[in-house]
Amino acid sequence: MAAVPLAQAADLVAKELRGYRSLEVILDDDAADCALDVRDKEIRAHAVSAMEKLDLIETPDAQVDASLVVGNIAFGALNVECALHVELSFHTGIPAQNITGVDAETRAILDRMGVLPVTVWNRSAFGVAAQRGLTKEEAFEKAYIRVTEMTDLLVDIIAEQRQ
């Protein structure tokens with residue numbers, strides 16, 4: 001079997017994505033530094049809406065789960081500048097009993113795990129919410145808006161790969 005170039009493989013996966021069982025929004029431990037900790041439901045709703053535009057819907061019949069990981073670091077005067085990292089991934093698990101041809105040590109590990117987690121599609125974006133001259137509240141709103149823009153960018157990559 002010939003190897004498929006990574007970019008082509010990502011395109012193939014994007015074309016096959018039809019839905020996801022669940023979407024988990026994971027905020028890092030510093031989410032409060034950019035006031036994102038209180039926006040997790042809004043961030044999730046935005047991601048769901050963006051993916052619905054591609055007919056990627058949440059359905060129990062899907063074979064993959066989705067994760068949106070949001071990380072941030074507050075910096076600058078008064079710690080209101082926010083460096084942001086957003087990662088969207090789709091993943092599943094291969095039951096340990098379906099994995100064959102491994103040595104005894106690997107088999108023992110797989111049996112303890114039960115399922116081998118596998119990421120089938122993953123992209124991330126990095127940005128800074130420049131916030132000079134804004135109040136702290138305005139700065140935090142801008143950080144949230146930047147997260148939604150980066151989420152849209154990641155969903156747009158799926159759309160491009162489907163073409």
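Structural data are supplied above this passage.
Before going into details, it helps to say that this report is about the structure given with it.

Moving on, we get to the sheet that holds strand β2 (residues 23-27). Pairing within the open sheet is mixed, and its four strands lie in the order β2-β4-β5-β6. Each edge of the open sheet carries a strand with a single partner, namely β2 and β6 (115-129). The sheet shows a mean angle of 20 degrees between the axes of neighbouring strands, direction not considered. In the sheet, strand β4 (residues 65-75) pairs with strand β5 (residues 81-95) via 11 bridges, with the strands oriented antiparallel. Bridge assignment links Ala66 to a residue of β5, and that residue is Phe90. Those strands touched by helix α4 (residues 136-162) are β4, β5 and β6, and its axis lies near 130 degrees from that of β6.

Take Thr151: it is sitting in helix α4. The exposure class assigned to Thr151 is buried, which follows from its relative accessible area of 3%. When residues no more than four places from it in sequence are discounted, the contact partners of Thr151 are His46, Ala47, Leu68 and Val86.

In regular strands, side chains alternate between the two faces of the sheet. Here β4 lies mainly inside the structure; eight of its 11 residues are buried. The pairing of β2 with β4 spans five bridges and is parallel. Paired with Ile26 across the strands is Val69, a residue of β4.

Burial of nonpolar side chains together is a common tendency in soluble globular proteins. Within the largest apolar cluster, 34 residues are counted, with the highest numbers of intra-cluster contacts made by Leu36 and Phe90. Within the residue set of this core, elements represented by two or more residues are α2 (40-52), β4, β5, β6 and α4. Here this core gets seven residues from one element, more than from any other, and that element is α4. Excluding residues within four positions of it along the chain, Leu36 makes contact with Leu27, Ala31, Ile43, Val70, Asn72, Leu84, Ala143, Tyr144 and Val147.

Now for the pattern of salt bridges. Inspection of every chain in the model, using the stated rule, returns six salt bridges. One salt bridge in this structure joins Arg39 and Glu141, with 2.8 Å as the shortest N-O distance. Taken together, the residues Arg39 in the loop between β2 and α2 and Glu141 in helix α4 connect sequence positions 102 residues apart. Since its relative accessible area comes to 14%, Arg39 is described here as buried. Residue Arg146 is joined to Glu149 by a salt bridge in which the shortest nitrogen-to-oxygen separation is 3.3 Å. Taken as a pair, Arg146 and Glu149 lie in helix α4 at a separation of three residues, close to a single helical turn. Using a relative accessible area of 27% as the deciding quantity, one classes Arg146 as partly exposed. One network of salt bridges, in which partners are shared, links Arg39, Glu42 and Glu141.

Rules used throughout
- Residues numbered from 1 in each chain as written.
- Predicted model: local features only at pLDDT ≥ 70, side-chain atom pairs only at ≥ 80, totals over all residues.
- Heavy atoms only, no water.
- Pairing = 2+ DSSP bridges.
- Helix = DSSP H or I, 4+ residues; strand = E, 2+ residues; numbered from the N terminus.
- Axes fitted to C-alpha atoms, helices over the stretch in contact; angles between N-to-C directions.
- Contact = heavy atoms within 4.5 Å.
- Buried < 20%, exposed > 50% of the residue type's maximum accessible area, 1.4 Å probe, protein only.
- Core = buried A, V, L, I, M, F, W, Y, C linked by side-chain atoms within 4.5 Å.
- Salt bridge = Lys/Arg side-chain N within 4 Å of Asp/Glu carboxyl O.

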